[in-house]
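These are the residues of each chain, in order.
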Amino acid sequence: MSAVLPLFPLNTVLFPGGPLRLRIFEPRYLDMISRCMRETSDFGVALITEGRETGSARTTQVGTTAHIVDFERLDDGLLGITARGERKFSIVNVTTQSDGLNLADVKYLEAEAAMEIPEELGILAELLKQAFVQVGTAYADETPHYENASWVGMRLAEILPLPMLEKQQCLEMTDAVERLRLLRERLDIREA
């Protein structure tokens, strides 16, 4: 399935099910957020590979749709939004509107099937449980799925201090168990 999405290039990687908090101040993005809220539609988030968020930017080919779940007026008068990652997509083509907003023709990628965590990787689910004591408030409205290899791998990739290109590599992976193996290797956790 394909669609056209307004694209928000960011210096972050958004995963399906992951939280995203943004401060919106550029007119093109204020208009985009207003339209998304009015039409109950999503926007696309893709990691910047070249350029800046406030200028023109080149992005990775794979990103994630963001669904707005809350908004507020911040103390500094800017618009604050909270969004949740929904679906992975691949960018087919990008056009730029006169106001500088990028519109991406995207092809939605298949959602990962829920898969049990192999016993030898169970330590990663335990590690995530411990980490959620510190960062769990960002996921307060989501039920944890510590038995699901895809969910655990994506949450770990979000919260671990990995370079953005490694986070992007985790996003682009289609095998949840391979993602967990990569993360175990990055954490230098040996099999018992």
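Everything here concerns the structure above.
Below is a summary of the structure that appears in this document. (Residues numbered from 1 in each chain as written. Predicted model: local features only at pLDDT ≥ 70, side-chain atom pairs only at ≥ 80, totals over all residues. Heavy atoms only, no water.)

To continue, consider the overall build of the protein chain. Of the regular secondary structure elements, the protein chain holds 5 helices and 7 strands. Listing every helix and strand of the protein chain by position from the N terminus yields β-β-α-β-β-β-β-β-α-α-α-α. Considering only C-alpha atoms, the protein chain reaches an extent of 55 × 35 × 30 Å along its principal axes. By the burial criterion, 45% of the 192 residues in the protein chain qualify as buried. Nonlocal contacts in the protein chain, meaning residues at least 24 apart in sequence, comprise 65% of its contacts between residues at least 6 apart. Here the protein chain has roughly 10,400 Å² of accessible surface; of this, 50% comes from carbon and sulfur atoms. (Helix = DSSP H or I, 4+ residues; strand = E, 2+ residues; numbered from the N terminus. Buried < 20%, exposed > 50% of the residue type's maximum accessible area, 1.4 Å probe, protein only. Contact = heavy atoms within 4.5 Å. Areas by Shrake-Rupley, 256 points an atom, 1.4 Å probe, with all protein chains shown as cover.)

It is worth spelling out the packing of aromatic side chains at this point. In total, this model carries 5 aromatic pairs according to the counting rule given. When the ring of Phe-8 is compared with that of Phe-43, the centres are 6.1 Å apart and the planes differ by 45°; the resulting orientation is tilted. Of this pair, Phe-8 sits in strand S1 (residues 2-10) while Phe-43 is found in strand S3 (residues 43-51), placing the two residues 35 residues apart along the sequence. For Phe-43, a relative accessible area of 0% puts it in the buried group. (Phe/Tyr/Trp six-rings, centres within 6.5 Å; stacked < 30°, edge-to-face > 60°.)

Looking along a regular strand, one sees the side chains alternate between the two faces of the sheet. Pairing analysis gives 6 bridges linking strand S2 (residues 19-24) to strand S6 (residues 79-96), with the strands arranged antiparallel. Considered in S6, the bridge of Arg-23 is made with Gly-80. With 10 bridges connecting them, strand S5 (residues 62-73) and S6 associate as antiparallel partners. For Asp-70, the partnering residue across the bridge sits in S6 and is Thr-82. Turn length for the S5-S6 hairpin, with the two strands adjacent in sequence and antiparallel, is 5 residues, and the turn residue Gly-77 shows positive phi of about 90°. In this structure, S6 lies alongside strand S7 (residues 102-108), joined through 7 bridges in antiparallel fashion. Considered in S7, the bridge of Thr-96 is made with Asn-102. Following S6, the chain reverses through 5 residues before pairing antiparallel with S7; Gly-100 in that reversal takes a positive phi of roughly 95°. (Pairing = 2+ DSSP bridges.)

Attention now moves to the nonpolar core. Soluble, globular proteins show a tendency: their nonpolar side chains are buried together. Within the largest apolar cluster, 27 residues are counted, with the highest numbers of intra-cluster contacts made by Phe-15, Ile-117, Val-152, Leu-156, Leu-180 and Leu-183. In terms of residue count, helix H3 (residues 149-159) provides more of this core than any other element does, 6 residues in total. In contact with Leu-183, not counting residues within four places along its chain, are Gly-153, Leu-156, Ala-157, Leu-160, Leu-162 and Cys-170. With 17 residues, the next largest nonpolar core counts Phe-8, Leu-22, Met-32 and Leu-101 among its residues. (Core = buried A, V, L, I, M, F, W, Y, C linked by side-chain atoms within 4.5 Å.)

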